[in-house]
Amino acid sequence: MDMWLGVLVMLVKMAVVLGVALGLAAYMILLERKLLGRFQVRYGPNRVGLFGLLQPLADGLKMLLKEDIIPDGVDRRIFLVAPAVVAGTALAAFAVVPFGEGLTFFGHTVPQVIVDSNVGLLMVLALSSLAVYGLALGAWTSDNKYSLLGGIRGAAQMISYELALGLSLVPVVMHARSLSLSDIVAAQSGLPFALMEPVAFATFIIASLAETKRIPFDLPEAENELQAGFHTEYSGMRFALFFVGEYVNMVLLGAVTAIFFLGGWHGPFFPPIVWLAVKVLAVPVFLIWTRASLPRLRYDQLMALGWKVLVPLALLNILVTGALLVLNA
Amino acid sequence: MTALGALFYLLAAVLLGAAILTATRRNPVHAVCCAVVVFLAVGGLFAVLGAPLPGVLMVVVYAGAIMVLFLFIIMLLGLPAGDGPLPAGRLLVPGILGAATLLALFVLIGADPAAQTLLPAAQASPAAVGTLLFDTYWLAVEAVSILLFAALAAALLLGRGRPGPGQPATGGRGA
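First, a word on scope: everything that follows refers to the structure included in this document. None of these values were measured; they are calculated from a predicted model.

Taken together, the contact between chain B and chain A spans 28 residues of the former and 27 residues of the latter. Taken together, the two surfaces of chain B and chain A that pack against each other cover about 2200 Å², and 79% of this comes from carbon and sulfur. Among the residues chain B hides against chain A, the three largest losses belong to Val 68, Phe 72 and Met 75 of chain B. Together they make up 26% of the total. The interface formed by chain B and chain A contains 0 salt bridges.

In this section: the pattern of salt bridges. Residues and elements named next belong to chain A. The final tally for this structure, using the stated rule, is 4 salt bridges over all chains. Asp 59 is the partner of Arg 33 in a salt bridge, and the nearest nitrogen-oxygen pair spans 3.1 Å. Here Arg 33 is found in helix α1 (residues 2–39), whereas its partner Asp 59 is found in helix α2 (residues 55–65), with 26 residues between them in sequence. Look at Asp 59 and you get partly exposed, because its relative accessible area is 24%.

We now examine the environment of Val 60 of chain B. Structurally, Val 60 of chain B is set in helix α3 (residues 52–77). Relative accessible area serves as the criterion here: at 17%, Val 60 of chain B is assigned to the buried category. Along the backbone, Val 60 of chain B and Gly 50 of chain B are 10 residues apart, and their C-alpha atoms lie at a distance of 18 Å. Ignoring any residue separated from it by four or fewer positions in sequence, one finds Val 60 of chain B in contact with Leu 122, Ala 126 and Ser 129 of chain A together with Ala 65 of chain B.

So, on to the packing of aromatic side chains. Residues and elements named next belong to chain A. Taken as a whole and assessed by the stated rule, the structure comprises 11 aromatic pairs over all chains. Centre to centre, the rings of Phe 201 and Phe 261 are 5.3 Å apart; their planes meet at 50°, and the pair counts as tilted. One end of the pair, Phe 201, is in helix α8 (residues 198–211); the other, Phe 261, is in the loop between α10 (236–260) and α11 (272–293), with 60 residues separating them in the sequence. The class of Phe 201 is partly exposed, set by a relative accessible area of 23%.

Okay, the state of the cysteines next. All names here are of chain B. According to the stated counting rule, one finds 0 disulfides over all chains in the structure shown. Cys 33 carries a free sulfur, and the closest cysteine sulfur to it, the one in Cys 34, is 6.8 Å from it. Judged by its relative accessible area of 25%, Cys 33 is partly exposed.

Moving on, we get to the nonpolar core. Residue and element names in this part refer to chain A. The biggest cluster of nonpolar side chains holds 111 residues, and the ones touching the most others in it are Leu 121, Leu 181, Phe 260 and Phe 261. In terms of residue count, helix α4 (residues 120–141) provides more of this core than any other element does, 14 residues in total. Filtering out sequence-adjacent residues up to four positions away, Leu 181 remains in contact with Val 96, Val 97, Pro 98, Gly 120, Leu 121, Val 124, Ile 259 and Phe 260.

What follows is about the side chain of Thr 212 of chain A. Within the fold, Thr 212 of chain A resides in the loop between α8 and α9 (223–226). The contact partners of Thr 212 of chain A, leaving out residues within four places of it in the chain, are Glu 246, Asn 249 and Leu 253 of chain A.

Residues and elements named next belong to chain A. For the pair α8 and helix α12 (residues 299–328), the least separation of the axes is 10 Å and the interaxial angle reads 150°. Our classification of the angle between α8 and α12 gives roughly antiparallel. Note on packing geometry: the crossing formed by α8 with α12 is left-handed. Contact with α8, carried on its side by Val 199, Ala 200, Thr 203, Ile 206 and Ala 207, involves Leu 305, Leu 310, Leu 313 and Asn 317 of α12 and no other residues of that element. Partitioned by chemical class, the residues of the contact of α8 with α12 number 7 nonpolar, 2 polar and no charged.

Basis of the calculations
Residues numbered from 1 in each chain as written. Chains lettered and ligands numbered in written order. Predicted model: local features only at pLDDT ≥ 70, side-chain atom pairs only at ≥ 80, totals over all residues. Heavy atoms only, no water. Contact = heavy atoms within 4.5 Å. Buried area = accessible area lost by both parts, 1.4 Å probe. Salt bridge = Lys/Arg side-chain N within 4 Å of Asp/Glu carboxyl O. Helix = DSSP H or I, 4+ residues; strand = E, 2+ residues; numbered from the N terminus. Buried < 20%, exposed > 50% of the residue type's maximum accessible area, 1.4 Å probe, protein only. Phe/Tyr/Trp six-rings, centres within 6.5 Å; stacked < 30°, edge-to-face > 60°. Disulfide = S-S within 2.5 Å. Core = buried A, V, L, I, M, F, W, Y, C linked by side-chain atoms within 4.5 Å. Axes fitted to C-alpha atoms, helices over the stretch in contact; angles between N-to-C directions. Parallel < 35°, antiparallel > 145°, perpendicular 65-115°, else oblique. Left-handed = near helix turned anticlockwise from the far one by under 90°. Nonpolar A, V, L, I, M, F, W, Y, C, P; charged D, E, K, R; others polar.

Purely geometric stuff here, so don't read any function into it on its own.
Now the structure itself:
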């Protein structure tokens, strides 16, 4: 009986997390279009529903009704699977993200996380490193030179910045003494790690900007040189899946930034879930703001920034953090 | 059979199937995809055996980094894409060697009395794995890292080639 109750609770948790993640991702697209409109002194979408609030629904319907074109010469199986890899890995990472401390129902304490793994941080990194297959395979199989160039750029960029991303999280683990996301939040009940480790925070934000392939690092889909890069040949719902993946990734990035650096659900006056929501949403707004403000980097600048600035900086930061921890012990 | 036992055999079957596909595919990209499935299954096996850290590291390092590099090289080379398995003639000798190794392993492990007992279920925490690596086996870990660094430096030296007269040693800008 207890086992079936456990399975039921797990299924409900999965449904809630998937619903919240996908819903937020859909409205993230609207938020981005609205904010970009404001940054460019225009209104943005405001025709579908009140303030354009039904725009994501209209977009989704339009994508579903479009013809799903599979070009000649593509490797069919890989072409069909690639967008699902991008969206699937982003959604799967939410499994280890905690949304608060345990809730108590009828004497049972239910943790607000699907899996509280003791290697949660590494699982997030593992899934984000698998996402590159969707991009690279989709690009390779499209049989289009612009797609291929975009895919090669994407693969190189993600390998390079993954290193800086992983290294920037090492000081967090050194302070929290755990790889579990719940423990990392618990370690920040005093001071958030963003204030304790500003260098790690900065490297993390820059590296994750590059991992999400957004301006100023959107070389894999640079419109003025590569058409649409890796997703040039995709249409209809498969094209939309690439976008769902990208926006779910933005929400995920907000969630992990809040947990690793901004103190998770800790904060004064307001209930924990409000603090978490504010922190999770602050990061995508920052990403949209950078998109509206910064030009795209050149490719060699991108590689130089990753290997010659971020990686040495992150390594040096680990050294300094380790030294300070040993001295204080 | 327990649920973990069933999961073990399921993962092992996926692993073997994907490994055979990896070795026999004519299309290099298909082989890479199958190899990724192999590494995911190995990671799952580690997790089932109670060691989540090596399991996740398997996915991060092998599936997430090394196989991406393979894919990257294949995309850069632009190899002609074949389809289906390699011809049987080319698979004969490696197939016999592989089968013989597997048979020898089964015989050797079956002969060992220690292999007959069931291991107790264990949970290795990440901290315990770290202590084992950097406390008990620190010398081996450091030796491997120096070896890898030497290999990296040698590859860089060989890859650059000899600079001609009046030519800079490095390639162009960028990477």
